[in-house]
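Each chain is listed here by its residues.
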Amino acid sequence: MSLPSTIAVDGPASSGKSTVSFAVSRRIGYLFVDTGAFYRAITLLALEQHLDLDNFAEVSALAERAQIDITPELADDGRQYTVMTDGRDITAAIHAPEVDAAVSKVSAIPGVRAALLNTQRKIAARGRVIMAGRDIGTIVLPDADLKIYIDASLEERATRRYHQRASNGESADLDAIREAIRKRDEADSQRAISPLLRAPDAVYLDTSHLTQLEAIEAMIRILHEWSREKNHEQR
Ligand code: DC
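This section reports on the structure supplied with the text. The residue numbering used here restarts from 1 in each chain and proceeds along that chain's sequence as written. Residue-level local features of this predicted model are given only where pLDDT is at least 70; pairs of side-chain atoms are given and counted only at 80 or more, and the full residue set underlies all totals for whole chains, interfaces and linings. Hydrogens are left out, water is left out, and the side-chain values use all remaining heavy atoms of the structure.

## Brief notes about the site of the ligand
Next, step 1: One heavy atom suffices: a residue is near a molecule or strand as soon as one of its heavy atoms comes within 4 Å of it. Taken together, 16 residues lie around the ligand, and Arg-40, Arg-113, Asp-135, Arg-184 and Arg-191 are the ones closest in.
Next, step 2: Arg-113 is positioned such that a nitrogen or oxygen atom in its side chain is 2.8 Å from an oxygen atom of the ligand.
Next, step 3: Reported accessibility uses the Shrake-Rupley method at a 1.4 Å probe radius. Residues are deemed covered only where the shown protein chains occlude them. Coverage of the ligand by the protein amounts to 97% of the 450 Å² it exposes when considered alone.
Next, step 4: We place a 1 Å grid over just the protein atoms. Points where a 1.4 Å probe fits but has no way out form a cavity, open points with protein on both sides within 12 Å along at least 5 of 7 lines form a pocket, and any residue with an atom within 4 Å of a point lines it. Criterion for pocket placement: a molecule counts as inside a cavity or pocket if more than half of its atoms are within 2 Å of its grid points. More than half of the atoms belonging to the ligand lie within 2 Å of the grid points that define the largest pocket.
Next, step 5: Strands here mean DSSP runs of E at least two residues long; helices mean DSSP runs of H or I at least four residues long; both are numbered from the N terminus. For the shell around the ligand, the secondary-structure elements that each account for two or more residues are helix H2 (36-48), helix H4 (97-107) and helix H8 (174-190).
Next, step 6: Any residue outside Ala, Val, Leu, Ile, Met, Phe, Trp, Tyr, Cys, Pro, Asp, Glu, Lys and Arg is labelled polar, Gly included; the first ten of those are nonpolar and the last four are charged. Of the residues assigned to the shell around the ligand, the class counts are three nonpolar, five polar and eight charged. The definition of a polar contact used here is a pair of N or O atoms within 3.5 Å, where within protein one atom must be able to donate a hydrogen and the other to accept one, and adjacent residues in sequence count solely through side-chain atom pairs.

## Observations concerning the sheet that holds strand S5 (residues 88-89)
Next, step 1: Two strands are counted as paired when DSSP detects at least two bridges linking them. An order of S3-S4-S5 is seen for the three strands of this open sheet, with the pairing classed as antiparallel. Each having just a single partner strand, strand S3 (68-71) and S5 make up the two edges of the open sheet.
Next, step 2: Where strand S4 (residues 82-85) and S5 come together, two bridges link them in antiparallel fashion. Of the residues in S5, the one forming a bridge with Thr-85 is Arg-88.

## Thoughts on empty space enclosed by the protein
Next, step 1: Grid points are joined across faces, edges and corners, and a volume is the space filled by probe spheres set on the points. Scanning the entire structure with this criterion turns up one cavity of 30 Å³ or more.
Next, step 2: When its volume is computed, the largest cavity comes out at roughly 30 Å³.
Next, step 3: In this structure, the largest cavity is lined by Asp-10, Gly-137, Ile-148, Tyr-149, Leu-197, Arg-198, Ala-199 and Ala-202.
Next, step 4: Split by residue class, the lining of the largest cavity holds five nonpolar, one polar and two charged.

## Here we look at the pattern of salt bridges
Next, step 1: Salt bridges are counted wherever a side-chain nitrogen of Lys or Arg sits within 4 Å of a carboxyl oxygen of Asp or Glu. This model, assessed by the stated rule, comprises 21 salt bridges.
Next, step 2: Across the salt bridge formed by Arg-79 and Asp-77, the nearest N and O atoms sit 2.9 Å from each other.
Next, step 3: When salt bridges with common partners are traced through the structure, they connect Arg-40, Asp-100, Arg-161, Arg-165 and Glu-170 into a single cluster.

Structure follows, in structure tokens:
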């Protein structure tokens, strides 16, 4: 059975899209590309270099010259990929709370999005890829073979993030996490350029009441459904 070669997955922060996409990519032998990691990497570098995030030209120039490499390398820390820049492994650093707080601002800069668009399209052009983000089905890969929009309620997403932080031994406050996610949702959905949007032709998957395993199975079913329909069309 043939599977879709390019799979675009969008959805809000902590909806489970990365976890589900990563697990499915391993099962079907596809490359998983979490595009949020690119925006996070640029944000980390901008913070490290003490750039003024309101200076669009400076941050855009950084996005253009930054060499960010995302590889499928795994380690025993639960990572889904490895992010490298200038020979430095920044996979953990890009998930720091300071990056969480600033990434929406950086990802709303048109020059930053333009710099990353081509990189993302080039990776997807090789095929057999699951690419996850906010604007993959709408802007980056409008012709993706299959588009999925993964959603979950704010409460459920905050609770998941809380447990994730707590199990990593990090301090966690549910109210603060919920508020941070709500703010990021608002910023990601209301920005002028490439806002988080559900593409009209995307299959909707709500994981609020699903376990991780159930959500993975649900995505696999969506892939099989796509294949069945394709087969049907070709007959
Ligand atoms: O998926 P994530 O939480 O790691 O994404 C981090 C930020 O990057 C998110 O707040 C919005 C931005 N982003 C984006 O604007 N477009 C994408 N395709 C992916 C992420």
